[in-house]
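# Secondary and tertiary structure notes
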Amino acid sequence: MTHSTQLPDLRSAYARNGAASAAPARRGSRRPRRPASPQWAAWAFLAPVTLYLVLFYAYPLYRNLDLSLRNYTVRSFVQSDAPFTGLANYRTVFDDPTFAPALLHTVVFTGVCLLFQYAIGLALAVFFNQHFRLSATLRALFLVPWLLPLIVSASTWSWMLNSDSGIVNALLHAVGIGPVNWLTSPSWSLTSVIIANIWIGVPFNLVVLYSGLQSIPGSLYEAAAIDGAGSWRRFWSITFPLLRPVSAITLLLGLVYTLKVFDIIWIMTKGGPADSSTTFATWSYQLGFGNLLPAFGPGAAVGNLLVVAALVFGLIYLKVQRKQALS
């Protein structure tokens, strides 16, 4: 047998042996598993938050909208057979003589509280930013009004502003000023609840604005001091402009909170006397739960007006922030 005839036989035998040895290896090997998609992990983390928002935000908003578009009574509220009335409840609210005073009181209450809470909170934040001795202790004490339950704060202010035995009138009497009917006079009831709400809201502004001051580099103040800038000049040229983003979110959150303030006003004055301290929040409660014959539809309509107002200001804030980011 020649050499040329032996080569094909050797090659074919080698091929058969290699195929036989490779076949078990292929049968025993496993393909590597693909890693889990990161999208599924993201949805897994979002699921609890989404469920919470749907149950405690989206569904109550839907139910409140449904209440405002139907003629609900106590019987139809239980049996869920209220007839659809469209915008009739909103027309009832707009035609009610309480609408104009409640709108005015809501605007005044919200505007004055925001102004003084921000101004006092900013002044205290700048004051504590100097890091003097006992600064941390005093900051902690200023948080007490914010940490107390609102029913405790409102009850305390009711006692302090009591016309007969309140400490405020006692101090006024000590300096020769006659007593003031803080909670029972139509001229002073709104002022009383404004003072109480300012006292409660100042700590929130203090905490947020103080945190914003911590992010401003101290080198800017040192450079301004070298250039001869005084305290007021440094505040208006450095502190206030650099605090604008923090100030914007502080005012927005304060606006949303102040629009829906109910418990403080209700505990102190119940919206009276003669609706002199009635706001949309207290009026909505009075319509829905404060009467023997509750008006669920108009009460829900007033509540929706508050939601729309907060949403409008939120959209304005987002638009302003977007313009600032683009510029």
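One numbering rule holds for all chains: residues counted from 1, following each sequence as written. Local features in this predicted model are restricted to residues whose pLDDT is 70 or higher, and side-chain atom pairs enter the listing and the counts only when it is 80 or higher, whereas totals over whole chains, interfaces and linings include all residues. Think of the side-chain values as coming from all heavy atoms in the structure, minus any hydrogens and water.

### Considerations on the overall build of the protein
Check the secondary structure of the protein and you find 16 helices and zero strands. Each residue is placed in one exposure class: buried if its accessible area under a 1.4 Å probe, protein chains only, is under 20% of its type's maximum, exposed if it is over 50%, and partly exposed if it falls in between. Scored against the burial criterion, the 327 residues of the protein give a buried share of 33%. Contact between two residues is taken to exist if any of their heavy atoms lie within 4.5 Å; hydrogens are not considered. Of all intrachain contacts in the protein linking residues separated by at least 6 positions in sequence, the fraction that spans at least 24 positions is 65%. Working note: accessible area of the protein is about 21,000 Å², and carbon and sulfur atoms make up 68% of it. The way it works is that DSSP assigns letters per residue, a run of H or I at least four long becomes a helix, a run of E at least two long becomes a strand, and they are numbered from the N terminus. Per-residue accessibility takes into account occlusion by the displayed protein chains alone, with areas from the Shrake-Rupley method and a 1.4 Å probe.

### With respect to a nonpolar patch on the surface
On the surface, a cluster of nonpolar side chains totalling about 760 Å² of accessible area is made up of L134, L138, L141, F142, V144, L148, I151, V152 and W199. Secondary structure elements with two or more residues in the nonpolar patch: α6 (135-142) and α8 (150-160). Considering every element that reaches the nonpolar patch, the biggest residue donor is α6, with three residues. Relative to the helices and strands, F142 is located in helix α6. Patch definition: residues with relative accessible area over 30% and no salt bridge; like charges joined within 9 Å; nonpolar side chains (Val, Leu, Ile, Met, Phe, Trp, Tyr) joined within 5 Å. Salt bridges are counted wherever a side-chain nitrogen of Lys or Arg sits within 4 Å of a carboxyl oxygen of Asp or Glu.

### Some thoughts on the nonpolar core
F109 and M268 are the most contacted members of the largest nonpolar core, which totals 36 residues. Counting only elements with at least two residues in this core, the list comes to α5 (99-128), α8, α10 (189-214), α12 (231-242) and α14 (263-268). It is α10 that contributes the most residues to this core, 11 residues altogether. Residues in contact with F109, not counting those within four places in the same chain, are L190, V193, I194, N197, T258, V261, I265 and T279. Nonpolar core, defined: a set of buried Ala, Val, Leu, Ile, Met, Phe, Trp, Tyr and Cys residues in which side-chain atoms within 4.5 Å join the residues together. Among the nonpolar cores identified, the runner-up in size contains 14 residues, and V93, F99, L255 and V302 belong to it.

### Let's talk about the side chain of Q286
Relative to the elements of secondary structure, Q286 occurs in helix α15 (residues 280-289). Classification of Q286 by relative accessible area gives buried; the value is 18%.

### Digging into the environment of I151
Summarising the element assignment, I151 is placed in helix α8. For I151, a relative accessible area of 54% corresponds to the exposed category. Residues I151 and I267, spaced 116 residues apart in sequence, show a C-alpha to C-alpha distance of 7.3 Å.

### Some words on the side chain of S247
Structurally, S247 can be placed in helix α13 (residues 244-259). Residue classification places S247 among the buried residues on the basis of a relative accessible area of 8%. Polar contact is the term for a pair of N or O atoms within 3.5 Å; when the atoms are in protein, one must be able to donate a hydrogen and the other to accept it, and sequence-neighboring residues count only if both atoms are side-chain atoms. A distance of 2.7 Å separates polar atoms of two side chains, one belonging to S247 and the other to Y118. Excluding its chain neighbours within four sequence positions, the residues that come into contact with S247 are Y118 and L209.

### So, the confidence of the model for the protein
Chain-level statistics for the protein give a pLDDT mean of 85 and a share of 88% at 70 or above. Per-residue confidence from the predictor is reported as pLDDT, a score between 0 and 100. A low-confidence stretch, residues 10-15 (pLDDT under 50), is modelled with zero contacts involving residues beyond four sequence positions or located in other chains.

### Examining unusual backbone geometry
For the bond running from G272 to P273, omega is -5°, close enough to zero to count as cis. Structurally, P273 can be placed in the loop between α14 and α15. Although it is not a glycine, L134 adopts a positive phi angle of roughly 70°. Within the secondary structure layout, L134 lies in the loop between α5 and α6. The backbone phi angle of D275 is positive, close to 60°, even though this residue is not glycine. Mapping D275 onto the fold places it in the loop between α14 and α15. Given the relative accessible area of 32%, D275 is considered partly exposed.

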